[in-house]
Structure formats: C-alpha cells, structure tokens
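# Structural features, examined
Here are the chains, one letter per residue:
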Amino acid sequence: MSEKTIDKKIDSAKKRKINYAVLQEQIFQEKIDAEKKIEPKDWMPDGYRSHLIRQISQHAHSEIIGMQPEGNWITRAPSLRAKMILLAKVQDEAGHGLYLYSACETLGVTRDELNKQLHEGKAKYSSIFNYPTLSWADMGAIGWLVDGAAIVNQVSLQKTSYGPYSRGMIKICKEESFHQRQGYEIMTEMANGTKEQKEMAQDALNRFWWPSIMMFGPHDSDSPRTGNAMKWKIKRKTNDELRQNFIDKTVAQADLIGLKIPDPDLKWNEERGSYDFGEIDWDEFWNVVNGNGPCNEQRLNHHKKAHDDGEWVRDAVKAYAKKSA
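Since the model is a prediction, treat every value here as computed from it, not as a measurement.

Each value, and the rule that gives it
- Residues numbered from 1 in each chain as written.
- Predicted model: local features only at pLDDT ≥ 70, side-chain atom pairs only at ≥ 80, totals over all residues.
- Heavy atoms only, no water.
- Helix = DSSP H or I, 4+ residues; strand = E, 2+ residues; numbered from the N terminus.
- Buried < 20%, exposed > 50% of the residue type's maximum accessible area, 1.4 Å probe, protein only.
- Polar contact = N/O pair within 3.5 Å; in protein donor to acceptor, adjacent residues only side chain to side chain.
- Contact = heavy atoms within 4.5 Å.
- Axes fitted to C-alpha atoms, helices over the stretch in contact; angles between N-to-C directions.
- Parallel < 35°, antiparallel > 145°, perpendicular 65-115°, else oblique.
- Left-handed = near helix turned anticlockwise from the far one by under 90°.
- Nonpolar A, V, L, I, M, F, W, Y, C, P; charged D, E, K, R; others polar.
- Patch = residues over 30% accessible without salt bridge, like charges linked within 9 Å, V, L, I, M, F, W, Y side chains within 5 Å.
- Areas by Shrake-Rupley, 256 points an atom, 1.4 Å probe, with all protein chains shown as cover.
- Salt bridge = Lys/Arg side-chain N within 4 Å of Asp/Glu carboxyl O.
- Lys, Arg positive; Asp, Glu negative; His and termini not counted.
- Charge placed at Lys NZ, Arg CZ, Asp CG, Glu CD.
- Expected span 1.5 Å × (residues − 1).
- Phe/Tyr/Trp six-rings, centres within 6.5 Å; stacked < 30°, edge-to-face > 60°.
- Lys NZ or Arg CZ within 6 Å of the ring centre and 35° of its normal.

Relative to the assigned elements, E70 resides in helix 4 (residues 67-71). Relative accessible area serves as the criterion here: at 1%, E70 is assigned to the buried category. Side-chain polar atoms of E70 contact the side chain of K89, separated by 2.4 Å. Ignoring anything within four residues of it in the chain, the contact list for E70 reads L86, K89, V90, E93, M139 and I142.

This is the structure we're talking about:
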C-alpha cells in the first residue's frame, strides 16, 4: 500500500468521521495481508509491538543462554577439528543473540531492559537449555535435534511480518543449518563407532528427544497468543504444524544411522502422510519453563555473573566514546 493510498484513506475517514485509531488498525492489517513488511518507524498496534518484544527477546536470550551447555565441552572436545567446529558454532550463537537484541531494540526497548527482564525472571528462554550435557554425544544431539528444531521454526520466520526480524533470520538460518549438520555428523560417527559410542549416542537421543519436540511450545489449543501471532503473520505456522514437520524429518534421519526414536507410540500414518507420536509430558515442560528444570538456576546465575563481570568493559567503552566525542 503506497503512502498516497494511505493519505487518501485518512482523508476519507475524516470526512466520514471514522475513528482514527480504528482506521490505523485497518491500514496496518491490510498491509500485513498484502505481505508488506512492517518497519520500525511504521505505526503498529501496542499488542503487535509487545508480542514482538516478547518473542524476539526470548529468541535472543535462548541464543545466549544456549552457549553455556556447549561451551562446557570446548576444552573436552575429542579432536582439534571438533574443538574448532564447536568454537565456531558457539561464536555463531553469540552473533545470533546480537542480531536479535538489535532487532528488538528497534521496537523501543533497550538492551539493559532486556537483560533486567531476563535476570528478574520476567523474560523466558527456550526450556531445552535447562538440561545438562553429560557426554560428547550430547553435542551431537543438540546440533542435530535442538538446532534442527530451531531451523524448522526459523525458516518460516524468514517470512515474518516485521522487517528487522525477518532479515536477521535469513543469515541465522544459514548458520543454523551448519550447526545441524555438525551435530548429525557427530551422531553418525558415534552410531557407526564402537558399541560404547553407539550406546552413548542412543542415550543422548533418549534424553534430548522429548525436550526437543517441546521446544515448539504447547499445543495450539493451549497457546493463547497463537491467534494474534498468525493474524499479524509474526508466526507463519502453528506450534503443532512445526512440531509435526520436525518429527517427520527427524525420524528418517535416525533410521538412516541406526538409532531408535524413544517413543513406543511412534507410528507412520499412511492416511495423513506423517507420523503419529506419543503424548508429551506437559507437566515437565511447564515445570522447566517456570524455573524448576535441572539447570535453570545454574544457567541464569552464570549469565548474571558474566554480565556483572563485564560491567567494567561496558563502562570503558562508554568512557572512550565520550572522550572521542
């Protein structure tokens, strides 16, 4: 919709004494429906802005917190090549967090506010990062399953309606696909290695399978924000659609390397052309989301400490900028 068309609509509304706020909502939705991107200086409903801040900040926090379980294994990687790849991956995740925090700031919220919300427990991050990484095989499971689930979700976010978020996701998805391949390579090598290595890979799959499919969030019927997210095209697919897509792709990958998905109810449904799967333990999901997972306290305390320890760097940067000005 062009600026001239919008101006005509506004003039027409004034003549017909239409409520200006209602007209703004109508123009905004027409722009969304026409697949036009919403940019930072465009008018947007408060609900759209707050939904984006919540979703993008949660995504950013997840990237940054997600560095912890993998960073724990950098010094213990089994080879120099594995160490270099893992270092590159953790560095990518730091960059993803930076892109996403920057996109969030275009909505009028500061980085300090976002960190404060995280530290006070008002903002969430993906529940998957509150599980421990017990073996090197877990690096494979995280890359294959966790990043694989992230790709399924984030590919659709490349078409999200908010411009800065959409553009950021294009680069992020390219790097996430590298992460997924890195993880699958680890699992493939271990599944085809010694008996002990295959058992280690299967154990990692057993522990990360259900938390991975919980990453897509609750069923659509139990997700009150899904309606507006779909209407505003912030989300392009529902939680259940994304989860089913991930399961259908991943089962075949597990079969290929001789690992077994830990779901006795998993069964191919010929009529639907996809897999039926068992019931998710939503009590566990909400328990972890609400701060009671195996590593919630550890992850958050580590982030707080790193933030506090880095205060002198932020102060130095500000002092240097002020002096340079």
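Picking up after the structure, the text goes on.
Positive phi, close to 65 degrees, is recorded for E35, a residue that is not glycine. Looking at the secondary structure, you find E35 in the loop between helix 2 (20-33) and helix 3 (46-65). Residue K233 is not a glycine yet carries a positive backbone phi of 60 degrees. Along the polypeptide, K233 turns up in the loop between helix 10 (226-231) and helix 11 (239-256).

At a closest axis distance of 8 Å, the pairing of helix 3 and helix 5 (residues 80-105) adopts a crossing angle of 160 degrees. In terms of their interaxial angle, helix 3 and helix 5 are classed as roughly antiparallel. Of the two possible hands of crossing, helix 3 and helix 5 adopt the one that is left-handed. Touching I53, I56, S57, H59, A60, H61, E63 and I64 of helix 3 are E93, A94, H96, G97, L100, Y101, A103 and C104, all from helix 5. Per-class residue counts for the contact of helix 3 with helix 5 are nine nonpolar, five polar and two charged.

Here the focus is a positive patch on the surface. On the surface, K37, K159, K237 and K249 cluster together to form a positively charged patch. Structurally, the position occupied by K159 is in the loop between helix 7 (137-157) and helix 8 (163-191).

In this model helix 11 runs 26 Å from its N-terminal to its C-terminal C-alpha over 18 residues, within 8% of the 26 Å that 1.5 Å per residue would give. What helix 11 keeps buried is the set N239, L242, R243, Q244, F246, I247, T250, V251 and A254. Of the surrounding secondary structure, the elements contacted by the buried residues of helix 11 are helix 7, helix 9 (195-214), helix 10, strand 2 (274-276) and helix 12 (282-292). Once helix 11 ends, the next one or two residues include G258, with phi positive near 80 degrees.

Tracing the sequence through the fold places Q117 in helix 6 (residues 111-119). Sequence spacing of Q117 and S57 is 60 residues, and the spatial spacing of their C-alpha atoms is 9.5 Å. Contacts of Q117, omitting those with residues within four sequence positions, involve K122 and A123.

To continue, consider the packing of aromatic side chains. On inspection of all chains with the given rule, the structure shows ten aromatic pairs. Considering the side-chain rings of F285 and W286, the 4.9 Å spacing of their centres and the 75 degrees angle between planes classify their relative orientation as edge-to-face. Since its relative accessible area comes to 7%, F285 is described here as buried. On the basis of relative accessible area, W286 is assigned to the partly exposed category, the value being 39%. Aromatic rings pair up to connect F28, W43, Y48 and W232 into one cluster. Just above the ring of W73 sits the side chain of R76; from NZ or CZ to the centre is 3.8 Å.

Note that all results are geometric; they support no functional claim without further evidence.
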